[in-house]
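Chain and residue survey
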Amino acid sequence: DTWNLFSEAFNNADKDFLKKIKDIHPSLTPNDLRLCAYLRLNLSSKEIAPLLNISVRSVEIKRYRLRKKMELDHEQGLIEYILSI
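Summary of the structure given here. Quick caveat: nothing in here was measured; it's all calculated off a predicted structure.

Conventions we followed
Residues numbered from 1 in each chain as written. Predicted model: local features only at pLDDT ≥ 70, side-chain atom pairs only at ≥ 80, totals over all residues. Heavy atoms only, no water. Salt bridge = Lys/Arg side-chain N within 4 Å of Asp/Glu carboxyl O. Helix = DSSP H or I, 4+ residues; strand = E, 2+ residues; numbered from the N terminus. Buried < 20%, exposed > 50% of the residue type's maximum accessible area, 1.4 Å probe, protein only. Axes fitted to C-alpha atoms, helices over the stretch in contact; angles between N-to-C directions. Parallel < 35°, antiparallel > 145°, perpendicular 65-115°, else oblique. Left-handed = near helix turned anticlockwise from the far one by under 90°. Contact = heavy atoms within 4.5 Å. Nonpolar A, V, L, I, M, F, W, Y, C, P; charged D, E, K, R; others polar.

This model, assessed by the stated rule, comprises 2 salt bridges. Between Arg 57 and Glu 60 there is a salt bridge, with the nearest N and O atoms lying 3.7 Å from each other. Taken together, the residues span about one helical turn, with Arg 57 and Glu 60 both in helix α5 (residues 56–70) at a distance of 3 residues. For Arg 57, a relative accessible area of 54% gives the class exposed. Judged by relative accessible area, which is 37%, Glu 60 ranks as partly exposed.

On to the packing of helix α1 (residues 2–14) against helix α3 (residues 30–40), then. Taken N-terminus to C-terminus, the directions of α1 and α3 make an angle of 50 degrees; their axes are 12 Å apart at the nearest point. As the angle between them shows, α1 and α3 are arranged oblique. The handedness of the crossing between α1 and α3 comes out as left-handed. Contacts from Trp 3, Phe 6, Phe 10 and Asp 14 in α1 reach Leu 33, Arg 34, Ala 37, Tyr 38 and Arg 40 in α3. Considering only residue class, the contact of α1 with α3 consists of 6 nonpolar, no polar and 3 charged.

Below you can see the structure in the form of structure tokens.
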């Protein structure tokens, strides 16, 4: 329920970012989209961990898996890519 409120507010502020990223990468899960939203806000792994109720290491693993799902080049940064959408 809190995520729905956040998602709605985030979309109002960022002009359908979640919809755009879902169109570009249809295989992303709701948890992946949630991580993308937090990364779009330029939050660090340390700041994201309590929001997702997981450890900092788990956030880093999620970021790595998200890069793989998005098939990003090794040289391309995840946050730079998300901010460019």
